[in-house]
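Residue-level structural notes
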Amino acid sequence: MTREDRIRAALAGGEVDRLPCSVWMHLSEVDQDPRSLAEEMVSQNEKYDFDFIKMMPFGAYSTQDWGAKIKIYCDRYKEPVIIEPGIRELGDYGMIRPLAATHGTWGKTLQVTRHLSKIVPKHTPYLQTIFSPATTLKKLTSNRLIQDMVEHPEEVHKALRAITDTTISFVQANIEAGVSGFFFAIQTATYDFMTDVLYAEFCKPYDLEVINSYKDKTWFNVVHIHGSNIMYDTVSKYPCNCINWHDRDTRPDMKTARETVKKTFLGGIQEVPNIINGVLDYDSFLRRSTPQQVIGHVKQAIAMVDGKGLIIGPGCVCDPRTPEENLHAVRKAAEF
């Protein structure tokens, strides 16, 4: 089977010659240059013979054009961080207006896709990473978003409208550039951050608007639920064909989830990066384990769902300090 055949079969719950797999990490030494980032993503994917590329633009790319101040290190082990939010007072919401997909950092990220499309090996799917509108606004507002949702809902909705429109424009441009689908990352669908009532008003409608803009145009569409204590029951019903969450670290585990959800799962590897003072701090199974432990860990995950409807990958981004032999072990563990 080709890589694409393998993933399409897994998404359909069909038979595969081996389980498809991939691991992704921030590539912070090159992620400010579109061509270098595209080339490094392809190089990493070929090195380990993974089945798809989960594109890795830096995590704050959707905030820079709306005023977030980013500290960029160009260091493999230091991801860019937001050092000043774009929205520091209520009046700043007014600057959040729709942008073209080719504007600023959005446009630079689109260039990654366009270059990747020229160099990616045949039959290798690639997914653009996008963030839910509320996730982008959360990053732009630092710690004030929940209070503003309660006290100034009109301003929040106006900003979410502009972010949604911009994200959809970016989605359409990426489809034109040939992506196989999208990795839709949500960092607000956790009860540690907000309630169901707030999520229903400020998150879900905009999430669905973005997802509905591509769900019938691309074939490999992942939703990622970030964090612990997640709103799994709500987000698992989104119109996507693949779900990724911290399945080895928070409820539900894949065995329990399979009882109610028939969509394909992407996961099985415990990687739990926590954002502490704006900086990623990794709790990484892949980094601290031996290759044999990695193989055993992956085999446990496979057994939870009898190897059906599963793509092996991390619950979130993996630690860039992970030993190469452990990444090779992930690929080895995907063999039947």
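Residues numbered from 1 in each chain as written. Predicted model: local features only at pLDDT ≥ 70, side-chain atom pairs only at ≥ 80, totals over all residues. Heavy atoms only, no water.

Concerning the environment of T195
- On the secondary structure map, T195 appears in the loop between β5 (181-186) and α7 (196-202).
- Distance in space between the C-alpha atoms of T195 and H103 is 34 Å, their sequence separation being 92 residues. (Helix = DSSP H or I, 4+ residues; strand = E, 2+ residues; numbered from the N terminus.)

Some words on the pattern of salt bridges
- Per the counting criterion, the structure on display carries 20 salt bridges.
- Between R331 and D49 there is a salt bridge whose closest N-O contact spans 3.1 Å. Within this pair, whereas R331 is found in helix α13 (residues 324-333), its partner D49 is found in the loop between α2 (34-48) and β1 (53-54), the two being separated by 282 residues in sequence.
- Take R331: its relative accessible area is 15%, and that puts it in the buried class.
- D49 gets classed as partly exposed once you look at its relative accessible area, which sits at 29%.
- Here the salt bridges do not stand alone but share partners, grouping R3, E46, D49, R331 and E335 into one network. (Salt bridge = Lys/Arg side-chain N within 4 Å of Asp/Glu carboxyl O. Buried < 20%, exposed > 50% of the residue type's maximum accessible area, 1.4 Å probe, protein only.)

Observations regarding the packing of aromatic side chains
- As enumerated under the stated definition, the model contains 13 aromatic pairs in all.
- Centroid distance Y61 to F131: 5.9 Å. Interplanar angle 50°. Geometry classified as tilted. Here Y61 is found in the loop between β1 and β2 (69-71), whereas its partner F131 is found in strand β4 (residues 126-131), with 70 residues between them in sequence. Each member of the pair, Y61 as well as F131, carries the same accessibility label: buried.
- Positioned above the aromatic ring of F193 is the side chain of K138, whose terminal nitrogen or guanidinium carbon lies 5.1 Å from the ring centre. (Phe/Tyr/Trp six-rings, centres within 6.5 Å; stacked < 30°, edge-to-face > 60°. Lys NZ or Arg CZ within 6 Å of the ring centre and 35° of its normal.)

Description of the packing of helix α3 (residues 104-119) against helix α6 (residues 153-176)
- Orientation of α3 relative to α6, taken along the N-to-C sense of each, is 20°, at an axis distance of 10 Å. Regarding the angle of α3 to α6, the classification is roughly parallel. Every pair of crossing elements has a handedness; the one defined by α3 and α6 is right-handed. Between α3 and α6, the contacting residues are W106, T109, L110 and T113 on the first element and T166, T167, F170, A173 and N174 on the second. (Axes fitted to C-alpha atoms, helices over the stretch in contact; angles between N-to-C directions. Parallel < 35°, antiparallel > 145°, perpendicular 65-115°, else oblique. Left-handed = near helix turned anticlockwise from the far one by under 90°. Contact = heavy atoms within 4.5 Å.)

So, the packing of helix α4 (residues 133-141) against α6
- For the pair α4 and α6, interaxial distance at closest approach is 9 Å and the crossing angle is 120°. As for how α4 packs across α6, the hand of that crossing is right-handed. Between α4, through P133, A134, T136, L137 and L140, and α6, the contact on the second element is made entirely by V156, A159, L160, I163 and T164.
- Partitioning the contact of α4 with α6 into residue classes produces eight nonpolar, two polar and no charged. (Nonpolar A, V, L, I, M, F, W, Y, C, P; charged D, E, K, R; others polar.)

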